[in-house]
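Below are the chains, spelled out letter by letter.
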Amino acid sequence: MPDFKGDFDGEIRHSNSYQHADEFRGKRVLVVGAGNSGVDIACDAASNADRAYLSVRRGYYFIPKHICGMPSDVFADSGPHLPLWLQRPIFTLLLRFILGDVSRLGLPKPDHKLMESHPILNSQVLHYLQHGDLQAKPDIDHLDGKGVVFKDGTREEVDLILCATGYSHEQPFGKDYLNYEGGRMKAYLQLFSRKHKNLFTMSYVETNSGAYKLFDLMSFSIANHLADQAAGRPSAQAMEDLIATDEPDLSGGIKFVKSDRHAAYFDSHAWQKFMCKLYKKMGWTRPEDEPGVISPPKPHKIDVAAE
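Since the model is a prediction, treat every value here as computed from it, not as a measurement.

Chemist: With reference to specific residues and values, describe the overall build of the chain.
Modeler: If you tally the helices and strands in the chain, you get seven helices and 17 strands. Each of the three principal axes of the chain carries a C-alpha extent, and together these read 65 × 60 × 40 Å. Out of the 307 residues in the chain, the part that is buried amounts to 41%. At a minimum sequence separation of 6, the contacts of the chain that also span at least 24 residues come to 64%. Working note: accessible area of the chain is about 17500 Å², and carbon and sulfur atoms make up 52% of it. Considering the chain, the positive charge centre built from 36 side chains and the negative charge centre built from 40 side chains are found 5 Å apart.

What follows is the structure in structure tokens.
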């Protein structure tokens, strides 16, 4: 929770307590924070609250959920994998062509290049901003009874302040065993503890892509490493040596924003590429190679006439 100056007569809470859009009915709502959770909740407020505001401290790049009728990540992966110096300007121009200059909606311009921070994957928030159902506001200066005063000097009266201001990954039970930086876990490949053998931190990831498929490689890495130890294979010691000394560059050439959120951030493609090499080097079994494991279905063309 942020530490706001001043006093507030209404309700103020963190977004982890939010459950349903009905909570906004009959209220004037301010959502603080423009991460993906924040803008999703702001869309609920825009369509249910009497008034809805979104307080944005820094600018972000907004990416529609679909491009050319395809999910944006599928669209990005379907073409040739271009080098970063060419990929970034192409996608920046594409977003400008599709969305225009979002600062016209009251949003601040990004203070970083595309891919240097997490983008906002949302198609609805710009729609609500354009139609006036949601109003963008700058960072909060202080609270004032029933109102909120923003850094630009404007004041709005609200009933509920919902803070979508992120999370700390620090766990009380892990403080003596795990390394943290900026409230984020620091481990080898964000998976293997460097301090304690066979202490694993699966799923504590911050990356510029979806994380769920990464969990497959993480869980199989743990299983493979434990199997190597049980069988007394040389690869077990080789892996321990890597955990102790290896410092791979997982940035993918991207200079991420200097913030707590990005303290343990990595580029998804760089991480997966490194993991594929590691699996091959160690002779590990991949998820799709394991008998009985259901692999994701391959894309197939639909016969429209037959349908």
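After that view of the structure, there is still more to cover.
Chemist: How would you summarise the sheet that holds strand β2 (residues 11-14) if you had to cite specific residues and measurements?
Modeler: The five strands lie next to each other as β2-β13-β3-β4-β9, forming an open sheet whose pairing is parallel. Either end of the sheet is taken by a strand with one partner, and the two such strands are β2 and β9 (135-137). Averaged over all adjacent pairs, the angle separating strand axes in this sheet is 20 degrees, with direction ignored. Bridging between β2 and strand β13 (residues 160-163) involves four bridges; their strand directions are parallel. Residue pairing in the sheet places H14 in a bridge with C163 of β13. The sheet strands contacting helix α1 (residues 36-48) are β3 (28-32), β4 (51-55) and β13, and the helix crosses β4 at an angle near 165 degrees.

Chemist: Lay out the environment of L107 with the relevant residues and their values.
Modeler: Relative to the helices and strands, L107 is located in the loop between α3 (84-99) and β8 (120-121). Exposure remark for L107: the relative accessible area of 4% places this residue in the buried category. Sequence separation between L107 and F75 is 32 residues; the distance between their C-alpha atoms is 26 Å. Beyond its immediate chain neighbours, meaning those up to four positions away, L107 contacts V56, F62, V102, L126, L129 and A136.

Chemist: Tell me what's going on with the packing of helix α6 (residues 234-245) against helix α7 (residues 268-282), and back it up with residues and numbers.
Modeler: Direction vectors running N to C along α6 and α7 enclose 145 degrees, while the axes themselves pass 10 Å from each other. Contacts between α6 and α7 pair S235, A238, M239 and L242 from the former with L278, K281 and M282 from the latter. When grouped by side-chain class, the residues that make up the contact of α6 with α7 number five nonpolar, one polar and one charged.

Chemist: Report on the side chain of D246, specifying residues and quantitative values.
Modeler: Within the secondary structure, D246 is located in the loop between α6 and β17 (265-266). Of the side chains with opposite charge, R194 lies nearest to the buried D246, which makes no salt bridge, at 6.7 Å. A distance of 2.6 Å separates a polar atom in the side chain of D246 from a polar atom in the side chain of Y188. Filtering out sequence-adjacent residues up to four positions away, D246 remains in contact with Y188, R194, D241 and F274.

About the cut-offs
Residues numbered from 1 in each chain as written. Predicted model: local features only at pLDDT ≥ 70, side-chain atom pairs only at ≥ 80, totals over all residues. Heavy atoms only, no water. Helix = DSSP H or I, 4+ residues; strand = E, 2+ residues; numbered from the N terminus. Buried < 20%, exposed > 50% of the residue type's maximum accessible area, 1.4 Å probe, protein only. Contact = heavy atoms within 4.5 Å. Areas by Shrake-Rupley, 256 points an atom, 1.4 Å probe, with all protein chains shown as cover. Lys, Arg positive; Asp, Glu negative; His and termini not counted. Charge placed at Lys NZ, Arg CZ, Asp CG, Glu CD. Pairing = 2+ DSSP bridges. Axes fitted to C-alpha atoms, helices over the stretch in contact; angles between N-to-C directions. Nonpolar A, V, L, I, M, F, W, Y, C, P; charged D, E, K, R; others polar. Salt bridge = Lys/Arg side-chain N within 4 Å of Asp/Glu carboxyl O. Polar contact = N/O pair within 3.5 Å; in protein donor to acceptor, adjacent residues only side chain to side chain.

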